[in-house]
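Coordinates in review
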Amino acid sequence: MGNFDEHFNAGKAAGLLAAVVGGLLVLDRGGGIEEAIIVAAGIGGVLVVGSLLPDIDHQASKPRQAAGSLGVLTIVGGVIGLVIFEPDSVALLGGIVNSLGFGGSPSTLGISVLVVGAAVLLATGGDTFDSLTTHRGFTHSLPFVGLVGLGALVASQQLANLGGIFGVFQGQNGVLVAVAAAAGVLVHLVVDS
């Protein structure tokens, strides 16, 4: 059973090795040095994160505390982002509430639903997550390894769609990142065994 430092150190060592191998694979396929460096950094970073991720199922763990903080920022940022960047969607949500018999401006109703939903998530999210997980349960399993790999693949492709320097994560490079994320979880499981 590894502690945070053991998981972190194993993740860093495996991440460094994977970053070197990934960078060399990019160069071998004819990619430039800039692409190789960006992909190598992505591979190393997700492998380290993956090596820590399974312990989100333990309340006192550093990954769980970080996930909680990130969750709060995501929920609050998501509500603010929807109101600012997707006002039509917020008004559509308010229109649905209107159709249920509630009166008022669709935008105001939509914002109200988002704020109430965010408050409920913030108040109950951690407890709900705790009731659904046990330490060394699903997040310490092979299906979780696959889920993390799949999630990393989807995330890398979405990131690639942003373009710019993130465009390098399209295709094979995204697959390398996904494999690294899954390998990080495997590193965690090996340290725990």
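Let us look at the structure shown here. (Residues numbered from 1 in each chain as written. Predicted model: local features only at pLDDT ≥ 70, side-chain atom pairs only at ≥ 80, totals over all residues. Heavy atoms only, no water.)

Observations concerning the overall build of the protein
- Along the backbone of the protein there are seven helices and zero strands.
- Its C-alpha atoms put the protein at 60 × 40 × 25 Å along the principal axes.
- With 193 residues in all, the protein has 33% of them scored as buried.
- Here the protein displays about 10,800 Å² of accessible surface, and carbon together with sulfur accounts for 73% of that area. (Helix = DSSP H or I, 4+ residues; strand = E, 2+ residues; numbered from the N terminus. Buried < 20%, exposed > 50% of the residue type's maximum accessible area, 1.4 Å probe, protein only. Areas by Shrake-Rupley, 256 points an atom, 1.4 Å probe, with all protein chains shown as cover.)

Section: the packing of helix H1 (residues 4-28) against helix H7 (residues 172-192)
- Two elements in contact, H1 and H7, have axes whose closest approach is 10 Å; the angle formed by their N-to-C orientations is 155 degrees. With respect to each other, H1 and H7 are oriented roughly antiparallel. Crossing of H1 over H7 shows right-handed handedness. Mapping the contact onto sequence places Glu-6, His-7, Ala-10, Gly-11, Ala-14, Gly-22, Leu-25 and Val-26 in H1 and Asn-173, Leu-176, Val-187, His-188, Val-191 and Asp-192 in H7.
- Grouping the constituent residues of the contact of H1 with H7 by class yields seven nonpolar, five polar and two charged. (Axes fitted to C-alpha atoms, helices over the stretch in contact; angles between N-to-C directions. Parallel < 35°, antiparallel > 145°, perpendicular 65-115°, else oblique. Left-handed = near helix turned anticlockwise from the far one by under 90°. Contact = heavy atoms within 4.5 Å. Nonpolar A, V, L, I, M, F, W, Y, C, P; charged D, E, K, R; others polar.)

Focus: helix H6 (residues 142-161)
- Given a rise of 1.5 Å per residue, 20 residues ought to cover 28 Å, and the 29 Å separating the end C-alpha atoms of H6 matches this to within 8%.
- Those residues of H6 that fall on the buried side of the exposure criterion are Phe-144, Val-145, Val-148, Gly-149, Ala-152, Ser-156, Gln-157 and Ala-160.
- Buried residues along H6 sit in contact with H7. (Expected span 1.5 Å × (residues − 1).)

Examining the side chain of Ser-156
- Topologically, Ser-156 is positioned in helix H6.
- Judged by relative accessible area, Ser-156 falls into the buried class, the value being 5%.
- At 3.3 Å, the side chain of Ser-156 forms a polar contact with the side chain of Gln-157.
- In this structure Ser-156 touches Phe-169, Gly-174 and Val-177, once residues within four positions along its chain are discounted. (Polar contact = N/O pair within 3.5 Å; in protein donor to acceptor, adjacent residues only side chain to side chain.)

Just distances and angles here, no functional claims.
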